[in-house]
Amino acid sequence: MLHRAPLIAGATVVAGLLSWFLVPAGTQNAPRSYTATAQMTVDGGEERVTVGLPRIAFFITTGDIPQAAADKLKYADGPFALARRIVVAPDPAASTISISATDPHATTAESIAQTFAEAAKAYFAKASPSGGTRLTIVQDAVAVPDANPGSILPPGRPTRTALAALIGLLFGMALAVFVDRIDSRLRSRTEIQAALGLPIIAEVPKLPRAKRSDAYHMVLDQPLSPFADAYRAARAATTHSVETSRAAAPRGPRENDPEPQAVAVLVTSAQPSEGKTTSVANLAASFAESGRRVLVLDADLRSPDAHNLFDVPQGAGISDYLVDSALEHLQQLVRPTNMPGVSIIVAGTQLDHPTSLASRMGPLLEEARGLADVVLVDTAPLLAASDVFDILPLVDTVLVVVRSGRITHAAGSRLAELLGRFKVPVSGVLLIGSKASRSRSYGYGYGYGSPRSTSKKPRSGGHGPRSAHGTSASRRDRLGRAEAPSTIRGGGEARHDAAGPRPAVVEASPDDSVSDRSGG
């Protein structure tokens, strides 16, 4: 009911408004029809009359009498249709016959009943088929309003509106149950955790619409916000998961290495547009602010998009390294980004066969571990492409990104089933777009929701001058004051691609709190 509260409230309001404007203010007590009855006595002998009353009633509704009445009333539908509008009731005990007619108009009902009575009197007086029977009108037809059962609506517009709103509330609740049966999307923490069978390690609150375009760099621009703190929680949980896994079961030849190898974290989702790539950007900033050197691999070879978030032009990258044997060192493809301490290897330019390329990722990932402290692998959605299955065994842990209200129960169960078949530890679920409770905005000196000294600088897109590389001047100033990108291990400093000017940072999609624009 809480999920469908807008639907229930809408049904209640609509029912109340319809009742207020469509139902009359007062109760309608006016009669809906009138009945006029003409009483006639039958003379001509008691015995014959008792026997002939049904016959007299038959003559009144058939033959010349209805024709005469139709001619006098100028009834367009004919005498038989007019005869069906009357009721002839003989009373043998009193030797009387009553002719009744009903109509919404009193004068019409009187006219029909009186005309039939006069036509019957004239007919039997001129040529009696009953052996001298005579009819005498003892009571002319007078219209009497029919008994009105009264309105079933209670008097008073406010009372009726309240009752209508109550009916709308009940209808809305029934409709909510019906819609919930059809719509199996998972929204709450409890539903997602039960469907996937994985712990939710962090909840990223839903951003206001005005801030959604800047979601991918919130950890840098608003480090004291609940949004940034959620990614720090995901970073801590991921690190702890890897350390626990390595302590319990060291992996192969790296068990006796003199120094710990880089942590390889695969970030995936069940379906596109769940915030996977934007989460990679914020996780990279979170790892970098802890003093670690981060390398992002854009391994989503079907819909690469990470280079846009990191302000790096698409060029030679992973696909070129896997196809071109002339590229002997992966370090040649490493590029610095607009985030201090974060480098990236883009997807590349040879993306015609992403599935076959993903199956060759083993040596590349091993070499990437030697270039940084943390390797974040951005892959295709797990249920949308098979590429990720070849990369899963190569990483240390998996982080699943789930957007509230997007994944269905069936998709969640399928995702849990696929992850269960691999022996790679899963750190947990990063829930995107959750409804933050009011307790998340407390003060206590921690400054939640108050950027203070880290107030947001003017962004690109009309809010400030841009440099030749496409990044706003304010962000260049901030990056100039910050720590320069770290030197990549292996001899040599990371270099910008010399292919030309760097494009502008592409703004994130505004359709939700954290959003990838092209399948991420």
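Refer to the preceding data block for the structure.
Residues numbered from 1 in each chain as written. Predicted model: local features only at pLDDT ≥ 70, side-chain atom pairs only at ≥ 80, totals over all residues. Heavy atoms only, no water.

### Things to note about the overall build of the chain
And step 1. Tallying secondary structure elements over the chain gives 17 helices and 12 strands in all.
And step 2. Burial analysis of the chain (520 residues in total) assigns 45% to the buried set.
And step 3. Long-range contacts, defined as pairs at least 24 residues apart, comprise 80% of the intrachain contacts of the chain with a sequence gap of at least 6.
And step 4. Carbon and sulfur atoms provide 57% of the accessible area of the chain, an area that totals close to 24,700 Å². (Helix = DSSP H or I, 4+ residues; strand = E, 2+ residues; numbered from the N terminus. Buried < 20%, exposed > 50% of the residue type's maximum accessible area, 1.4 Å probe, protein only. Contact = heavy atoms within 4.5 Å. Areas by Shrake-Rupley, 256 points an atom, 1.4 Å probe, with all protein chains shown as cover.)

### What to know about the sheet that holds strand 3 (residues 96-103)
And step 1. If you trace the 4 strands from one edge of the open sheet to the other, you get 2-3-1-4, paired in antiparallel fashion. Every interior strand has two partners, whereas the edge strands, strand 2 (86-91) and strand 4 (134-145), have only one. Put simply, the sheet's adjacent strands are angled 15° from each other on average, direction ignored.
And step 2. Packing of helix 5 (residues 106-126) onto the sheet brings it into contact with strand 1 (34-43), strand 2, strand 3 and strand 4, and relative to strand 4 it is tilted by some 175°. (Pairing = 2+ DSSP bridges. Axes fitted to C-alpha atoms, helices over the stretch in contact; angles between N-to-C directions.)

### Things to note about unusual backbone geometry
And step 1. If you check the backbone angles, S95 has positive phi at about 55° while not being a glycine.
And step 2. Residue position: S95 is located in the loop between strand 2 and strand 3.
And step 3. Backbone geometry at D311 places phi at a positive 60°, although glycine is not the residue there.
And step 4. With respect to the secondary-structure elements, D311 resides in the loop between helix 11 (306-309) and helix 12 (318-323).

### Some details on the packing of helix 9 (residues 226-248) against helix 10 (residues 276-289)
And step 1. Contact geometry of helix 9 with helix 10 gives a least axis separation of 9 Å together with a crossing angle of 75°. Put simply, helix 9 runs roughly perpendicular to helix 10. Along its contact with helix 9, which presents F227, Y231, R232, A234, R235 and T239, the element helix 10 presents S279, N282, L283, S286, F287 and E289.
And step 2. In terms of residue class, the contact of helix 9 with helix 10 is made up of 5 nonpolar, 4 polar and 3 charged. (Parallel < 35°, antiparallel > 145°, perpendicular 65-115°, else oblique. Nonpolar A, V, L, I, M, F, W, Y, C, P; charged D, E, K, R; others polar.)

### Here's the deal with the sheet that holds strand 11 (residues 397-403)
And step 1. Taking strand neighbours across the sheet as the criterion, the 8 strands line up as 5-12-11-6-10-7-9-8 in an open arrangement whose pairing is mixed. Edge positions in the sheet fall to strand 5 (200-205) and strand 8 (335-336), since each of these pairs with one other strand and no more.
And step 2. Examined bridge by bridge, strand 5 and strand 12 (residues 426-434) share 5 bridges and lie parallel to one another. Note on strand 12: the bridge partner recorded for I200 is V429.

### Points about helix 14 (residues 361-369)
And step 1. Within the span of helix 14, buried status applies to M361, L364, L365, A368 and R369. With its buried residues spanning 140° around the axis, helix 14 presents them on a single face. (Arc of directions from axis to C-beta.)

### Here we look at the side chain of R369
And step 1. Here R369 shows up in helix 14.
And step 2. On the basis of relative accessibility, which here comes to 1%, the residue R369 falls in the buried class.
And step 3. A polar contact of 2.8 Å, which involves the side chain of R369, links it to the side chain of D396. (Polar contact = N/O pair within 3.5 Å; in protein donor to acceptor, adjacent residues only side chain to side chain.)

### Remarks on the pattern of salt bridges
And step 1. Under the definition given, this model contains 14 salt bridges.
And step 2. Among the salt bridges present, the one from E203 reaches R189, with a minimum N-O distance of 2.5 Å. Linking E203 in strand 5 with R189 in helix 7 (residues 189-196), this pair joins segments that are 14 residues apart in sequence.
And step 3. By relative accessible area, E203 is classed as partly exposed at 23%.
And step 4. Here R414 ties to E417 by a salt bridge, and the two come within 3.5 Å at their closest N and O atoms. Of the two residues, R414 and E417 are both situated in helix 16 (residues 409-420); the distance of 3 residues between them amounts to about one turn of the helix.
And step 5. Salt bridges sharing partners connect three or more residues here, namely R246, E366, R369 and D396. (Salt bridge = Lys/Arg side-chain N within 4 Å of Asp/Glu carboxyl O.)

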